[in-house]
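Results of the structural survey
One-letter residues, chain by chain:
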Amino acid sequence: MKMKIALVFVILAAGFNTSNAQFLKNLENKAGIPASGGSFTPDEAGQAIKEALTKGITHGVDLVSVTDGYFKNPKIKIPFPPDAQKVENGLRSIGLGNKVDQAIESFNHAAENAAKAATNIFINAIKQLNINDAVSLVNNQQQDAATQFLKRTTTDQLVAAFKPSIKDALDKAGATKYWSDIMTEYNKIPFHAKVETDLPEYVTRKAIDGLFIMVAQEEAKIRKDPAAQTSALLKKVFGNAKF
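The notes below deal with the structure included here. In every chain, residue numbers begin from 1 and rise along the written sequence. A pLDDT threshold of at least 70 governs which residues receive local features in this predicted model, and a stricter bar of 80 or more applies before side-chain atom pairs are shown or counted, although totals over entire chains, interfaces and linings include all residues. The side-chain numbers reported here are obtained from all heavy atoms of the structure, hydrogens and water having been left aside.

1. Quick look at the packing of helix H4 (residues 97–115) against helix H8 (residues 175–187)
Interaxial distance between H4 and H8 falls to 9 Å at its minimum, and their mutual angle equals 150°. Overall, the two elements H4 and H8 adopt an arrangement that is roughly antiparallel. Here the hand of the crossing between H4 and H8 comes out left-handed. Seen from H4, the contacting residues are Lys99, Val100, Gln102, Ala103, Ser106 and Phe107; seen from H8, they are Ala175, Tyr178, Trp179, Ile182 and Glu185. Angles here are taken between N-to-C directions and fall from 0 to 180 degrees, while the axes themselves are lines fitted to C-alpha atoms, restricted in helices to the stretch in contact. Strands are runs of DSSP state E lasting at least 2 residues, helices are runs of H or I lasting at least 4, and numbering of each runs from the N terminus. With respect to orientation, any angle under 35 degrees is reported as roughly parallel, any angle over 145 as roughly antiparallel, any angle of 65 to 115 as roughly perpendicular, and every other angle as oblique. Handedness of a crossing is defined here by the sense of rotation of the near helix relative to the far one, left-handed for an anticlockwise turn of less than a right angle and right-handed for a clockwise turn. Two residues qualify as a contact provided that any one of their heavy atoms is within 4.5 Å of a heavy atom in the partner residue.

2. Focus on the packing of aromatic side chains
Here a pair means two rings of Phe, Tyr or Trp (six-membered ring of Trp) with centres within 6.5 Å. Their orientation is stacked below 30 degrees between planes, edge-to-face above 60, and tilted elsewhere. Applying the stated criterion across every chain, the model contains four aromatic pairs. Look at Phe107 and Trp179: their rings are 6.1 Å apart centre to centre, the planes differ by 55°, and that puts the pair in the tilted class. With Phe107 in helix H4 and Trp179 in helix H8, the pair connects residues that are 72 residues apart, well separated along the chain. Residue exposure (1.4 Å probe, protein chains only): buried if accessible area is under 20% of the type maximum, exposed if over 50%, otherwise partly exposed. Since its relative accessible area comes to 0%, Phe107 is described here as buried. On the basis of relative accessible area, Trp179 is assigned to the buried category, the value being 10%. Between Phe122 and Phe212 the ring centres are 5.4 Å apart and the planes differ by 70°, which places this aromatic pair in the edge-to-face class. Of this pair, Phe122 sits in helix H5 (residues 118–127) while Phe212 sits in helix H9 (residues 199–224), placing them 90 residues apart in sequence. The exposure class assigned to Phe122 is buried, which follows from its relative accessible area of 2%. Of the residues examined, Phe212 reaches a relative accessible area of 3% and is grouped as buried. Through a chain of ring-to-ring contacts, the aromatic side chains of Phe80, Phe107 and Trp179 assemble into a single cluster.

3. Quick look at the nonpolar core
By nonpolar core we mean a set of buried residues, namely Ala, Val, Leu, Ile, Met, Phe, Trp, Tyr and Cys, connected to one another through side-chain atoms within 4.5 Å. Counting residues in each nonpolar core, the largest one holds 69 residues, and the members touching the most others are Phe80, Val87, Phe107, Phe122 and Phe238. Residues in contact with Val87, not counting those within four places in the same chain, are Phe80, Ile182, Met183, Tyr186 and Val195.

4. Topic: the packing of H4 against helix H7 (residues 145–172)
Direction vectors running N to C along H4 and H7 enclose 130°, while the axes themselves pass 8 Å from each other. Considering the angle they form, H4 stands oblique to H7. When the axes of H4 and H7 are compared, the crossing they make is right-handed. The segment H4 lies against H7, with Phe107, Ala110, Ala111, Asn113, Ala114 and Ala115 engaging Phe162, Ser165, Ile166, Ala169 and Leu170. Classes in brief: Ala, Val, Leu, Ile, Met, Phe, Trp, Tyr, Cys and Pro nonpolar; Asp, Glu, Lys and Arg charged; the others, Gly included, polar. A per-class count over the contact of H4 with H7 returns nine nonpolar, two polar and no charged.

And the structure:
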């Protein structure tokens, strides 16, 4: 009789241990934290997100802040403003396409010249990110989840901080003069409505959009390519994330 009771306790204990382990695992999964064995904490996830974004912006700025970094990259090249498309078409139709081309090139060179000033602006914004969403961002199936989160939450602040640098770069690149010349020529064409484009605002937003594209590319590499996980923290967090 005692032997049977002891056997029942052994069986119950084994069942409890199995259920308990599964229960803990379910809790970890619901929290977005991998099961033990290479797991990471929310704080580590937050640090990894910030490190990945910082690495992405640093590398992205290095790529675009050189001559033709924007102009010869079709993914981020800044075109003529959409609300001024009729200006471009009108000038090209009367043989002044070279003026349009000069303006477009000057927009892009202004973005290239100003891009270096974006590094600290972006990094300061990255430091302010709340880590409450860090685990979900790390485990998000979207390969640019952290970049899109940063874009949604900081774009307006970045525009306000970056715009003075862009305005100065537009002046130095001759873009302001090219734009003025273009509008002068366009206004000579009869029966056309006046175009009101805030050039510094437009180029600033397009330049920042381009930088986010570069950051997103870097984030995607870090998520899926172990070779891009260049620190122990990145390897620990992104190597164990549930993609």
